[in-house]
Amino acid sequence: MPTKTLRIPTPDGQADAFAAFPDGGDRHPGVLLYTDAFGLRPELERKARELAGHGYYVLVPNFYYRHGPAPVVELPEYIGEEVGPAVIAQLMPLLKAHTTTERVLRDADAYLRFLTTQPEVRPGPVAVTGYCIGTLLALRTAAAHPDQVAAVAGFHPGFVVTDAPDSPHRLIPELTAEVHLGLAEGDLSPAIISELNQALDAAGLGHTCEIYPGTVHGFTMSDTDAFSAAGLKRHWDRLLPLLDRAMRPRE
């Protein structure tokens, strides 16, 4: 499967990125994939390759690029519970700096412009998916580009419902995309899940927001202690049909 290491021009510099896409020289629907807080690394490259194997061009930017190319901190091959908190402590200041609304929206413009002009990407709607903090980035991107983004998915989301005036959940009325949120047990309270579903219903969007049984935050990531094989499979079982409905041409 073809892959590329790329640099995406943005108003704030050059974002390094990974892309994977099918063989054969055809053009394919585009998917913008946002990483979790640990960032662009082999685990996310594997996810991009697997998704590309289903017929998509998948672009994975390093959203920490202002701090330097990925990885921006030293990451072990396996992020176990004995090292995970220390890594997160290193990343937290960078995470806060790179996920302000203004920066996210500038980056989203640049990422989508780049994605949709790649020669391997087919004209038409794109999808955005994210993991952990990447769900926040995915929702902001989809809300800012309703004419382009036809599907948005987030898994074990972080910081999507806050008290801030620009909390991502307040953007739901601006979405036109079909939405899937796959939650770990404990990610969001039942009251917040109910609030999300009510907002999605009111917006008239196709959506699912569900708890994946027996999972903890980070369940899709096989390089962490949170990994759940059943949770990862359920994630693919939800994501792939969503993308197919949103972006495949109908006969």
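Our structure's up above, just so we're on the same page.
Residues numbered from 1 in each chain as written. Predicted model: local features only at pLDDT ≥ 70, side-chain atom pairs only at ≥ 80, totals over all residues. Heavy atoms only, no water.

A. Just the pairing of strand β1 (residues 3-10), in detail. Where β1 and strand β2 (residues 13-20) come together, eight bridges link them in antiparallel fashion. Counterpart to Ile8 in the pairing with β2 is Ala15. Taken together, β1 and the strand that follows it, β2, pair antiparallel across an intervening segment of two residues. (Pairing = 2+ DSSP bridges. Helix = DSSP H or I, 4+ residues; strand = E, 2+ residues; numbered from the N terminus.)

B. Broad picture of empty space enclosed by the protein. By the definition in use, this model includes two cavities of 30 Å³ or more. Counted as a void, the largest cavity has a volume near 50 Å³. The wall of the largest cavity is formed by Leu139, Val160, His169, Ile172, Leu175, Val179, Leu181, Leu196 and Leu200. Only β7 (178-183) and α5 (190-203) provide two or more residues apiece to the lining of the largest cavity. Classifying every residue of the lining of the largest cavity by side-chain character gives eight nonpolar, one polar and no charged. One number sums up the size of the second largest cavity: a volume of about 40 Å³. Contributing to the lining of the second largest cavity are Tyr34, Phe63, His98, Val104, Asp107, Tyr111 and Leu137. A total of three residues in the lining of the second largest cavity trace back to one element, the largest contributor, which is helix α3 (residues 101-116). Of the residues that constitute the lining of the second largest cavity, the class distribution is five nonpolar, one polar and one charged. (1 Å grid on protein atoms, 1.4 Å probe; cavity = no way out; pocket = protein on both sides within 12 Å on 5 of 7 lines; lining within 4 Å. Points joined across faces, edges and corners; volume = space filled by probe spheres on them. Nonpolar A, V, L, I, M, F, W, Y, C, P; charged D, E, K, R; others polar.)

C. Quick peek at the layout of surface pockets. As a volume, the largest pocket reaches approximately 410 Å³. When its residues are assigned to classes, the lining of the largest pocket shows 11 nonpolar, six polar and three charged. Of the voids in this model, the second largest pocket is the one considered here, and its volume is about 160 Å³. Split into classes, the residues belonging to the lining of the second largest pocket amount to five nonpolar, no polar and five charged.

D. Fine view of the pattern of salt bridges. A full pass over the atoms with the stated rule returns 13 salt bridges. For Glu120, the salt bridge identified is with Lys4, shortest N-O distance 2.9 Å. With Glu120 in the loop between α3 and β5 (126-131) and Lys4 in strand β1, this residue pair connects regions lying 116 residues apart in the sequence. Between Glu210 and Arg238 there is a salt bridge whose closest N-O contact spans 2.5 Å. Linking Glu210 in strand β8 (residues 207-211) with Arg238 in helix α6 (residues 229-247), this pair joins segments that are 28 residues apart in sequence. Taking the relative accessible area as the measure of exposure, Glu210 reaches 16% and is therefore buried. (Salt bridge = Lys/Arg side-chain N within 4 Å of Asp/Glu carboxyl O. Buried < 20%, exposed > 50% of the residue type's maximum accessible area, 1.4 Å probe, protein only.)

E. Region of interest: the packing of aromatic side chains. This structure, assessed with the given rule, holds five aromatic pairs. Considering the side-chain rings of Phe21 and Tyr57, the 5.3 Å spacing of their centres and the 10 degrees angle between planes classify their relative orientation as stacked. Linking Phe21 in the loop between β2 and β3 (30-34) with Tyr57 in strand β4 (residues 57-61), this pair joins segments that are 36 residues apart in sequence. The class for Phe21 is buried, based on a relative accessible area of 7%. (Phe/Tyr/Trp six-rings, centres within 6.5 Å; stacked < 30°, edge-to-face > 60°.)

F. How the structure looks around the environment of Asp223. By secondary structure assignment, the location of Asp223 is in the loop between β8 and α6. As for Asp223 and Pro42, which are separated by 181 residues in sequence, their C-alpha atoms are 9.0 Å apart. Filtering out sequence-adjacent residues up to four positions away, Asp223 remains in contact with Arg41, Glu43, Glu77, Tyr78 and Ile79. A polar side-chain atom of Asp223 sits 2.7 Å from a polar atom in the side chain of Arg41. (Contact = heavy atoms within 4.5 Å. Polar contact = N/O pair within 3.5 Å; in protein donor to acceptor, adjacent residues only side chain to side chain.)

Worth remembering: the numbers are spatial, not functional.
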